[in-house]
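Chain by chain, the residues run as shown.
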Amino acid sequence: MLASLPEFDAKAIIDRILTGDTTAEEELIARYQQRVRMYVAVRTSDPDYADEVTQETMLAAVLALRQGKVREPEYLSSYILGITRNQLAEAIRQQARRPTSPLPDDYDCAAPTGGEDSGLVEAARTEIETLEPGDRRILWLTLIDGFKPGEIAALVGMSAELVRQRKSRALRKIVERLKPLSRSPRIQRLRDETS
């Protein structure tokens with residue numbers, strides 16, 4: 001897709017933007033928007049979130065160019081990537097500051113379907129309830145909502161490494177406590193993975 005774009009002269013584009021040429025702004029956006037979108041998309045699982053950060057990045061880049069903030073035109077790509085990193089970090093910080101509401105006390109998962117051992121499922125639920133609330137939330141965000149450790153870290157205000165450690169310890173506790181209840185290969189495999 002980028003190969004079909006015409007030859008790009010960063011200095012000329014910057015000079016044209018400084019004179020108020022909106023066509024130059026459109027060329028800049030056509031040149032960098034897809035790159036920025038890909039950079040953000042690989043760091044988040046929400047396409048709408050990636051689109052929002054991409055738009056904010058392109059707006060910030062155009063405004064910075066209009067104000068003449070780029071001193072070295074040959075490093076325009078690096079400059080825009082820096083704006084992208086900053087916009088993404090700010091978006092993650094804002095998302096982490098949004099208030100979340102806890103799940104209601106009477107909230108429960110769906111009943112086990114055919115093929116599952118309901119006694120084991122109930123025992124697992126009981127064991128999960130004995131975990132600390134923070135560990136329970138990390139497990140929920142990981143196993144049910146499908147978040148990655150970095151995303152959970154931003155939501156709960158801790159490092160991604162600490163999220164990984166707490167998830168691993170919580171899983172290990174649950175597997176160890178359920179070990180006497182099951183001889184199934186699934187539990188054995190999970191036990192082996194957490195060891």
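Because the structure is a prediction, the values reported are computed rather than measured.

Here the focus is helix α4 (residues 76–97). Spanning 22 residues, α4 covers 32 Å between terminal C-alpha atoms, matching the ideal 32 Å at 1.5 Å per step. Buried residues of α4: L76, I80, G82, I83, T84, L88 and A91, and no others. Buried residues in α4 make contact with α1 (10–18), α2 (22–41) and α3 (47–66).

Looking now at a negative patch on the surface. A contiguous patch of negative charge on the surface is contributed by D46, D48, E52 and E56. Turning to its location among the elements, D48 is positioned in helix α3. Relative accessible area serves as the criterion here: at 58%, D48 is assigned to the exposed category.

What follows is about helix α6 (residues 133–144). Owing to its 3.6 residues per turn, the α-helix brings residues three or four apart onto one side. The end-to-end C-alpha distance of α6, which contains 12 residues, comes to 16 Å, matching closely the 16 Å that a straight helix rising 1.5 Å per residue would cover. Taken residue by residue, α6 has D135, I138, L139, L141 and T142 as its buried positions. The buried side chains of α6 occupy one side of the element, clustering within an arc of 165° when seen end-on. α6 presents P133 and I144 as exposed residues on the side facing more than 90 degrees away from its buried surface. Residues of α6 that are buried make contact with α7 (149–156) and α8 (160–178). Downstream of α6 by one or two residues, G146 has phi in the positive range, about 75°.

What follows deals with the side chain of D135. When you line up the elements, D135 lands in helix α6. For D135, a relative accessible area of 8% gives the class buried. Excluding residues within four positions of it along the chain, D135 makes contact with R166 and A170.

Helices that pack against each other are described as a pair by the angle of their axes relative to one another and the distance between those axes. The geometry of α6 relative to α8 is characterised by a closest axis approach of 9 Å and an angle of 95° between their N-to-C directions. As summarised for this structure, α6 and α8 are arranged roughly perpendicular, according to the angle between their axes. Contacts between α6 and α8 involve G134, D135, I138, L139, T142 and L143 on the former and, on the latter, V163, R166, K167, A170, L171 and I174. Grouping the amino acids of the contact of α6 with α8 by side-chain chemistry returns 7 nonpolar, 2 polar and 3 charged.

The rules we used
- Residues numbered from 1 in each chain as written.
- Predicted model: local features only at pLDDT ≥ 70, side-chain atom pairs only at ≥ 80, totals over all residues.
- Heavy atoms only, no water.
- Helix = DSSP H or I, 4+ residues; strand = E, 2+ residues; numbered from the N terminus.
- Expected span 1.5 Å × (residues − 1).
- Buried < 20%, exposed > 50% of the residue type's maximum accessible area, 1.4 Å probe, protein only.
- Contact = heavy atoms within 4.5 Å.
- Patch = residues over 30% accessible without salt bridge, like charges linked within 9 Å, V, L, I, M, F, W, Y side chains within 5 Å.
- Areas by Shrake-Rupley, 256 points an atom, 1.4 Å probe, with all protein chains shown as cover.
- Salt bridge = Lys/Arg side-chain N within 4 Å of Asp/Glu carboxyl O.
- Lys, Arg positive; Asp, Glu negative; His and termini not counted.
- Charge placed at Lys NZ, Arg CZ, Asp CG, Glu CD.
- Arc of directions from axis to C-beta.
- Axes fitted to C-alpha atoms, helices over the stretch in contact; angles between N-to-C directions.
- Parallel < 35°, antiparallel > 145°, perpendicular 65-115°, else oblique.
- Nonpolar A, V, L, I, M, F, W, Y, C, P; charged D, E, K, R; others polar.

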